[in-house]
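As a plain string of letters, each chain reads:
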Amino acid sequence: MILSRYERMIARRYLLPGKGERFIVLVAGFSLGAVMLGVAALVIVMSVMNGFRAELFDKIVGLNGHAVVQGVDGRLADWQEIARWAKDTPGVTSAVPLIEQPLMSSYNGRVEGVLVRGMRVSDIRSNMTIGQKVVAGSLAELKPGSSNVAIGARLAEALGATVGSQITLINPSGQSTPFGTVPRYVSYTVAAIFEIGVYDYDKAYVVMPMEDAQTLLLLGDKVGMIELQTDNPDKVGQILAPLAQKVGRLAVISDWRQMNAQLFDALAVERVAMFTVLCIIILVAAFNIASSLIMLVRAKTRDIAIMRTMGATRGAMVRIFMTVGVTIGALGIVAGLVLGAIFLFYRQAVVNFVQLVTGQNLWDPSIRYLTELPSKPDPVEIIAIVLITALMTVLATLYPAFKAASTDPVQVLRYE
């Protein structure tokens, strides 16, 4: 929209009305504030939702891979050959054998359910999800036959265990005797404590060398599954289709979408719902801009009539009042982006401050999955938010602008 010099001057004066029109300034300020809060809320909520999905995906996939090959009976006997088939499949970047089994653990009279995870020592140390999250001890102490394990931070808190503590793992499927099955009680030393950041994992996982897990669970040389990583998790089904044909009835392949479908579907639905609800805030702000412009047109009816008699066109009136409304919206958009960026940068400090003031635990990891509030701004989504807000602002200015342009100077000035 190209304005002439006098149109810019009048629009600038209308943005700051005189002393008798302070109410219009107040309404315009409320409109600007509503746009700012709407844009900030959308940016914050969408960034946090993206952060949730990204953090959960990175940590869940970091531990469980993009897919797993599981034996039909829960055990893989010929896992070496299946792992070789997997590595030969185009698009598969790694095939890691592992064992997972839910058991019980005890320490100093405390008993907790755990998920024992047996991995090759080299795989434990190269796993970035665990290796970079060690908060106490060292993974270097995990060696076959050492009876050393690494446990999650929340599990350590629940048991009251620290590095060097002796915890007992209880396998109910022990050896059979004439008197029935006798559970196995095996003691292990806590050599490392890790905190992945996902509460369910930090509360349950006990990681040990695969050889020790096979001994504890009486598996011999078998494993429970093979964890697969691919070069494109979004096309994991297509990549693993040839492998699924090879394994046939020996095993079942499950990818990350099947294993976590409910969680990620719920996040997707929540993102759409939150975006729709928060867009209503921006719609209300657009109505506020329209109402402030309508009041401005009513207050400036005489001025408009005089400008029309001096040669101002209807198009000039439309451009002047649209400029006023669009400027309010643009300032609100910029202020909202700045407010959203500041909140996201200090998001955890804000949560901690609110918790301190209210005395309430607003971020319970057992409910929120993650230990900290995540954030991942998406430039495409932010651009979409800006465009939607700008469009609503422009539409809100159309009626007041055309109302001003339709002012009849003869009717207004007849009794002047």
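These numbers were taken from a predicted model, which means no experiment stands behind them.

Draft legend 1. Highlighting the nonpolar core. Grouped together as the largest cluster of nonpolar side chains are 113 residues, with contacts concentrated most on Ile151, Ile167, Leu169, Ile226 and Phe321. For this core, the element with the most residues is helix 2 (residues 22–64), which contributes 18 residues. The residues contacting Leu169, other than those within four sequence positions of it, are Met104, Ser105, Val114, Val116, Arg184, Tyr185, Val186, Tyr188, Val206, Met208 and Leu216.

Draft legend 2. Spotlight on the packing of aromatic side chains. Within the structure shown, the criterion is met by 2 aromatic pairs. Here Tyr201 and Tyr205 contribute two aromatic rings whose centre-to-centre distance is 5.3 Å and whose plane-to-plane angle is 75 degrees, an arrangement assigned as edge-to-face. We classify Tyr201 as buried; its relative accessible area is 13%.

Draft legend 3. The arrangement of the packing of helix 11 (residues 261–299) against helix 16 (residues 379–405) in detail. Where helix 11 contacts helix 16, the two axes come as close as 9 Å, and the packing angle between them is 30 degrees. One way to sum up the angle between helix 11 and helix 16 is to call them roughly parallel. For the pair helix 11 and helix 16, the crossing hand works out as right-handed. Here Arg271, Phe275, Cys279, Ile282, Leu283, Ala286, Ile289, Ala290, Leu293, Ile294 and Val297 of helix 11 lie close against helix 16, whose contacting residues are Glu381, Ile385, Ile388, Thr389, Met392, Thr393, Ala396, Thr397, Tyr399, Pro400, Lys403 and Ala404. In terms of residue class, the contact of helix 11 with helix 16 is made up of 17 nonpolar, 3 polar and 3 charged.

Draft legend 4. Molecular detail of unusual backbone geometry. Even without being a glycine, Ser147 presents a positive backbone phi close to 60 degrees. You can see Ser147 is positioned in the loop between strand 4 (134–137) and strand 5 (148–152). Looking at Ser147, the relative accessible area reads 31%, which means it is partly exposed. Even without being a glycine, Leu218 presents a positive backbone phi close to 55 degrees. Relative to the helices and strands, Leu218 resides in the loop between helix 8 (210–217) and strand 9 (225–230). On the basis of relative accessible area, Leu218 is assigned to the partly exposed category, the value being 36%.

Draft legend 5. Summary view of helix 12 (residues 301–309). For helix 12, every residue scored as buried is listed here: Ile304, Ala305, Met307 and Arg308. Taken around the axis of helix 12, the buried residues stretch over an arc of 165 degrees, which confines them to a single face. Positive backbone phi, approximately 115 degrees, marks Gly311, located one or two places after helix 12.

Draft legend 6. Representation of the environment of Gln229. With respect to the element layout, Gln229 can be found in strand 9. Excluding its chain neighbours within four sequence positions, the residues that come into contact with Gln229 are Val61, Gly65, His66, Gly91, Val92, Thr93 and Ser94. Within the local environment of Gln229, its side chain forms a polar contact with the side chain of His66, the two groups lying 3.3 Å apart.

Parameters at a glance
Residues numbered from 1 in each chain as written. Predicted model: local features only at pLDDT ≥ 70, side-chain atom pairs only at ≥ 80, totals over all residues. Heavy atoms only, no water. Core = buried A, V, L, I, M, F, W, Y, C linked by side-chain atoms within 4.5 Å. Buried < 20%, exposed > 50% of the residue type's maximum accessible area, 1.4 Å probe, protein only. Helix = DSSP H or I, 4+ residues; strand = E, 2+ residues; numbered from the N terminus. Contact = heavy atoms within 4.5 Å. Phe/Tyr/Trp six-rings, centres within 6.5 Å; stacked < 30°, edge-to-face > 60°. Axes fitted to C-alpha atoms, helices over the stretch in contact; angles between N-to-C directions. Parallel < 35°, antiparallel > 145°, perpendicular 65-115°, else oblique. Left-handed = near helix turned anticlockwise from the far one by under 90°. Nonpolar A, V, L, I, M, F, W, Y, C, P; charged D, E, K, R; others polar. Arc of directions from axis to C-beta. Polar contact = N/O pair within 3.5 Å; in protein donor to acceptor, adjacent residues only side chain to side chain.

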